[in-house]
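So the chains spell out like this:
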Amino acid sequence: MDCEEAVYSNDYYDFIMEYTMPGFGTPVSSCVQKIDASYDVAYLPRAGSLSLNIQNYNYTSIPKCYTLMDESALEASGILRIQNQPTLSLKGQGVLIGFLDTGIDYLNPVFRNSDGSTRITAIWDQTDRSGIPPEGFLYGTEYMDTSINEALQAGNPRDVVPVTDPEGHGTFMASVAAGSQIREEEFIGAAPYARIAMVKLKPAKQYLREFYFIPEDAEAYQENDIMAGLAYLDQLAKRVRMPLVICFGLGSNMGSHTGVSHLSTMLNNITLRSGRVAVTAVGNEGNERHHYFGQMENGQEYQNVEISVSEGVEGFSAELWARAPQRFVIEIISPTGERMPSDYILSGGREFRFLFEDTRVTVDYRITGILNGAQVIYMRFEHPSQGLWNIRVFPEVELASIFNMWLPVEELSTGEVFFVRSNPDTTITVPSTAIVPIAVGAYDVRDNSIYLRSGRGFTSNGWIKPDLVAPGVGVFGAGLNNQFTTRDGTSVAAAITAGAVALMLEWGIVRGNYTAITSIEIKNVLIRGAARDSKRTYPDQSFGWGRLDLYQAFEDFRIR
């Protein structure tokens, strides 16, 4: 079997295998991509396999799909003052900033040193099958700085290093976090001397896009490819012996929002070590009406959840999550009043066809995770008719009273689907719910107001997220064809914060002032230095602990 072919082919299912959960129907394959000590990815031929649904496979083993969290920032964040402070003069020297994104335009001057050489340490292009993959990986092509410099000197650079970034998002993110100074554009990145590593993510396979009803033009990336990218960035930082900042500008609504997803766990494990920090965008779901909070009164028979579905929606999924020992059952009522009765199954599910709507609905009940034992009820609606769909939620045990429901993020939806009585809180996306990484929301520096779409906290189990907010409206950065442009979104705010963290790592580890500094300590310093308004109570569900102010964070170091 050609394992590289299995990675790319739509004729193979991808499954995430977690070693902390032995058994549980984990598929076995001769093609396995090792991620780390806890996770592998198995590739299984679709021919002869069970059809892809939650009933046949573990909820956690089927890769979730993630998308990009976007659409005079440095001064507002206190970064320019740190760059220009004569004694400190921090620019990110000796620090590696890693991105998992759409690629990078390595030809852009914003990624070059003054002598014209590249500031990019490495690119792993998961979409490129022409070269040699990184050591330990089955697919893609790795390009180190020697190859990139060779390309920069060549008459046709793309013949040497064919990496591109047609969408431009990865290029923009890397420029904001670590772009070189371009005086004629009055531009400089947050950490203009930092080294850059880019993982150009492979687009999600077609079978997963169909399973999750993802629009054809949407940017979507598989959880297992992202996990492989994280492992690569960690290994690369070890090879080049540099502290690493991971800038994570992707998100999804799938999961419990308690920080226990595969990606969340992996980010936690990497960033618990000294010299490893991850900055995550909290997503742009704050105003999209994709979260429902349910709380039942004593004796209440059920709670009715209304989902509005517009015309032309190809399909959608919804997830209900409840913390142990709570358990619920659901009943689904179509817009014409046809009923899918409640039928509790501890683990497993059923399929139901609504006659008058010509809609197929699959409902699956699962208890997930060894540590938390949470219940998830996964609902998949295929060809739903327009109108109001009612989900009646019944408590199955006496203690059952609180649950949360989420719909897919806006960017991965085929049409307008929302909760009629939505809740704007707990709209931060996965994996920004992870406890160790720095979760960043976005605000507008013109009036210090929150970016309307910025995800709101807290996590569904009460952790304080976002940790803080950074500029995310009208941020200036590198676009396509060596042009500059502006973008909005929480991933932009994450890029600015990642650059700020690189300056702290330079001061602490590279310059030897605090060589054992950890992600949690950096997060706490940024929180203590955050700018706060006297009329607001903190922590705030939109602003977290306040607005990023790197200069004040260093003031805190000085005072200590």
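Residues numbered from 1 in each chain as written. Predicted model: local features only at pLDDT ≥ 70, side-chain atom pairs only at ≥ 80, totals over all residues. Heavy atoms only, no water.

Participant: Would you take a moment to explain the overall build of the chain for this structure?
Facilitator: Across its full length, the chain carries 12 helices and 28 strands. Computed over the C-alpha atoms, the radius of gyration of the chain is 23 Å, within 12% of the 24 Å expected from 2.2 N^0.38 for a compact globule of 560 residues. Looking at the 560 residues of the chain, the share that counts as buried comes to 61%. Per element, the accessible surface of the chain, about 21,100 Å² overall, is 47% carbon and sulfur. (Helix = DSSP H or I, 4+ residues; strand = E, 2+ residues; numbered from the N terminus. Rg over C-alpha atoms; globule rule 2.2 N^0.38 Å. Buried < 20%, exposed > 50% of the residue type's maximum accessible area, 1.4 Å probe, protein only. Areas by Shrake-Rupley, 256 points an atom, 1.4 Å probe, with all protein chains shown as cover.)

Participant: Would you mind showing me how to read the pattern of salt bridges here?
Facilitator: For side chains of opposite charge, pairing can occur when their charged atoms come near one another. By the definition in use, this model includes 26 salt bridges. As a salt-bridge pair, arginine 158 and aspartate 105 come within 3.3 Å of each other at their nearest N and O atoms. A residue pair is termed long-range when its members are at least 10 positions apart, and arginine 158 in helix α5 (residues 157-160) and aspartate 105 in the loop between β5 (96-101) and β6 (120-125) qualify at 53 residues. In this structure aspartate 105 comes out as buried when scored by relative accessible area, which is 12%. (Salt bridge = Lys/Arg side-chain N within 4 Å of Asp/Glu carboxyl O.)

Participant: How do you make sense of the environment of aspartate 101 when you look at a structure like this?
Facilitator: Mapping aspartate 101 onto the fold places it in strand β5. Under the relative-accessibility criterion, aspartate 101 is labelled buried at 2%. What aspartate 101 contacts, discounting residues up to four positions off in sequence, is Leu68, His169, Gly170, Met173, Met198, Val199, Lys200 and Leu201. At a separation of 3.2 Å, a polar atom in the side chain of aspartate 101 contacts the main-chain amide nitrogen of glycine 170. (Contact = heavy atoms within 4.5 Å. Polar contact = N/O pair within 3.5 Å; in protein donor to acceptor, adjacent residues only side chain to side chain.)

Participant: What is the right way to read empty space enclosed by the protein from this model?
Facilitator: A probe matching the size of a water molecule, rolled over the atoms, marks out where space remains unfilled. Its volume calculated, the largest cavity comes out at about 100 Å³. Every residue lining the largest cavity is listed: Cys65, Tyr212, Ile214, Ser252, Asn253, Met254, Ser317, Pro408, Val409 and Leu412. The class makeup of the residues in the lining of the largest cavity is 7 nonpolar, 3 polar and no charged. (1 Å grid on protein atoms, 1.4 Å probe; cavity = no way out; pocket = protein on both sides within 12 Å on 5 of 7 lines; lining within 4 Å. Points joined across faces, edges and corners; volume = space filled by probe spheres on them. Nonpolar A, V, L, I, M, F, W, Y, C, P; charged D, E, K, R; others polar.)

Participant: How should the side chain of asparagine 268 be read in this particular structure?
Facilitator: Along the chain, asparagine 268 falls in helix α9 (residues 262-271). For asparagine 268, a relative accessible area of 11% translates into the label buried. Within polar-contact distance, the side chain of asparagine 268 engages the backbone nitrogen of valine 436 at 3.0 Å. Every residue in contact with asparagine 268, bar those within four places of it in the chain, is listed here: Gly259, Ala434, Ile435, Val436 and Pro437.

Participant: Could you clarify how one ought to interpret the sheet that holds strand β4 (residues 65-68) in this entry?
Facilitator: Through backbone hydrogen bonds, the strands of a sheet pair up, either in parallel or in antiparallel fashion. What the 3 strands build is an open sheet, ordered β9-β4-β11; its pairing is antiparallel. The sheet is open, and its two edges are formed by β9 (221-222) and β11 (250-251), each paired on a single side. The pairing of β4 with β9 spans 2 bridges and is antiparallel. Looking at β9, one finds that tyrosine 66 is bridged to tyrosine 221. (Pairing = 2+ DSSP bridges.)

Participant: Is there a simple way to explain the packing of helix α6 (residues 169-178) against helix α10 (residues 490-510) in this structure?
Facilitator: Any two packed helices are characterised by the angle at which their axes cross and by the distance between the axes. Interaxial distance between α6 and α10 falls to 7 Å at its minimum, and their mutual angle equals 35°. Judged by the twist between their axes, the crossing of α6 over α10 is right-handed. Here His169, Phe172, Met173, Val176 and Ala177 of α6 come into contact with α10, specifically with Ser491, Val492, Ala495, Ile496 and Gly499. The class makeup of the residues in the contact of α6 with α10 is 7 nonpolar, 3 polar and no charged. (Axes fitted to C-alpha atoms, helices over the stretch in contact; angles between N-to-C directions. Left-handed = near helix turned anticlockwise from the far one by under 90°.)

Participant: Hey, could you run me through the state of the cysteines in this one?
Facilitator: Put plainly, a disulfide is one covalent bond tying together the sulfur atoms of two cysteines. The full count for this structure, using the stated rule, is 1 disulfide. Here cysteine 3 connects covalently by a disulfide to cysteine 31, the sulfurs 2.0 Å from one another. Disulfide cysteine 3 to cysteine 31: torsion about the S-S bond roughly -90°, handedness left-handed. Placement of the pair is cysteine 3 in helix α1 (residues 3-8) and cysteine 31 in strand β2 (residues 31-34), with a sequence separation of 28 residues. In this structure cysteine 31 comes out as buried when scored by relative accessible area, which is 0%. (Disulfide = S-S within 2.5 Å.)

Participant: It is not clear to me how α10 should be interpreted in this structure. Could you clarify?
Facilitator: What sets the pattern is the α-helix's 3.6 residues per turn: residues three or four places apart point alike. Its 21 residues give α10 an end-to-end C-alpha distance of 28 Å, which sits within 8% of 30 Å, the value for a rise of 1.5 Å per residue. Burial of α10 is extensive: 19 of the 21 residues sit out of reach of the surface. Residue glycine 512 follows α10 closely and has a positive phi angle near 80°. (Expected span 1.5 Å × (residues − 1).)

Participant: Even after reading the chapter, I still don't get helix α4 (residues 145-153), so can you show me in this structure?
Facilitator: The set of residues buried in α4 consists of Ile148, Ala151 and Leu152. Projected onto a plane normal to the axis of α4, the buried residues spread over an arc of 100° and lie on a single side. In α4, those exposed residues whose orientation departs by more than 90 degrees from the buried face are Thr146 and Gln153. Contacts made by the buried residues of α4 are with β6, β7 (141-144) and α5. (Arc of directions from axis to C-beta.)

Participant: Mind showing me how you'd approach the side chain of asparagine 108 here?
Facilitator: Mapped onto the secondary structure, asparagine 108 falls in the loop between β5 and β6. Residues within four places of asparagine 108 in sequence aside, it is in contact with Ala478, Gly479 and Asn482.

Participant: Whenever I open this one, the sheet that holds β2 confuses me. Can you help?
Facilitator: The strand order β1-β3-β2 describes an open sheet built from 3 strands, whose pairing is antiparallel. If you trace the sheet from one side to the other, it starts and ends with β1 (12-18) and β2, each paired once. When the angles between neighbouring strand axes are averaged without regard to direction, this sheet yields 25°. Note: β2 against strand β3 (residues 39-45), 4 bridges, orientation antiparallel. In the strand pairing of β3, cysteine 31 is matched with tyrosine 43. Packing against the sheet, helix α8 (residues 223-240) makes contact with β1 and β3, and its axis sits at approximately 55° to β1.

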